[in-house]
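Take a look at the letters that make up each chain.
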Amino acid sequence: MTTELSVLAWGCVLALVHVFAAGNARTRQHGTKWNMGARDEEMPPVSPVVGRLERAQANYFETFPIVIAAILIVQVGGLNSQWTAIGAILWLAARVVYLPLYAFGVPVVRTLVFTVGFVGLVLMLFPALV
C-alpha cells in the first residue's frame, strides 16, 4: 500500500476521533440521558471546550473530502512521488496536532499548524495540476 493510501486510512481513524471527542464532550455536559434521547428539547449553550471540539470537527470534515479526492487522483493517475507522500504525511501530522491545539484554545499556533496541513494538501494536488 502506498504512503498516501495509508494516510487516507489513518485520516479515517482521525475522523472517528473527531466525532467521538466532540460527542463525548457534549455528553459530559448534557448527560447520557440527553445522548440517548431524541434531543428535541432546547439546550443551553455548550461549554467553550465542547464548542471548540465541534468547530474542529466541522473544520476537519470541510477539508477531508478534498484530501480524499487528492489521494484518489494521485493513486488513479499513477502520480505518486516522494513529494505526494511527504504532502500526505504533512497533512496528517498537522491534523493530528490541530485537534488538541483547537480544543485547548491555542490561537496562533493552531493557524500555523492548519497552514502546514494545507501545504501538505497542495503537495498532493500539485502533480495533477501541472
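Attention here is on the structure that accompanies the text.

Rules and cut-offs
- Residues numbered from 1 in each chain as written.
- Predicted model: local features only at pLDDT ≥ 70, side-chain atom pairs only at ≥ 80, totals over all residues.
- Heavy atoms only, no water.
- Salt bridge = Lys/Arg side-chain N within 4 Å of Asp/Glu carboxyl O.
- Helix = DSSP H or I, 4+ residues; strand = E, 2+ residues; numbered from the N terminus.
- Contact = heavy atoms within 4.5 Å.
- Polar contact = N/O pair within 3.5 Å; in protein donor to acceptor, adjacent residues only side chain to side chain.

## What about the pattern of salt bridges?
Piece 1. Inspection of every chain in the model, using the stated rule, returns one salt bridge.
Piece 2. Across the pair Arg26 and Glu54 runs a salt bridge, and its minimum N-O distance is 2.5 Å. In this pair, Arg26 is assigned in helix α1 (residues 3-30) and Glu54 in helix α3 (residues 48-76), connecting sequence segments 28 residues apart.

## Overview of the environment of Gln75
Piece 1. Considering the arrangement of structural elements, one finds Gln75 in helix α3.
Piece 2. Placed 71 residues apart in sequence, Gln75 and Glu4 show a C-alpha to C-alpha distance of 8.0 Å.
Piece 3. In this structure Gln75 touches Thr2, Glu4, Leu5 and Asn80, once residues within four positions along its chain are discounted.
Piece 4. A distance of 3.0 Å separates the side chain of Gln75 from the side chain of Thr2, its partner in a polar contact.

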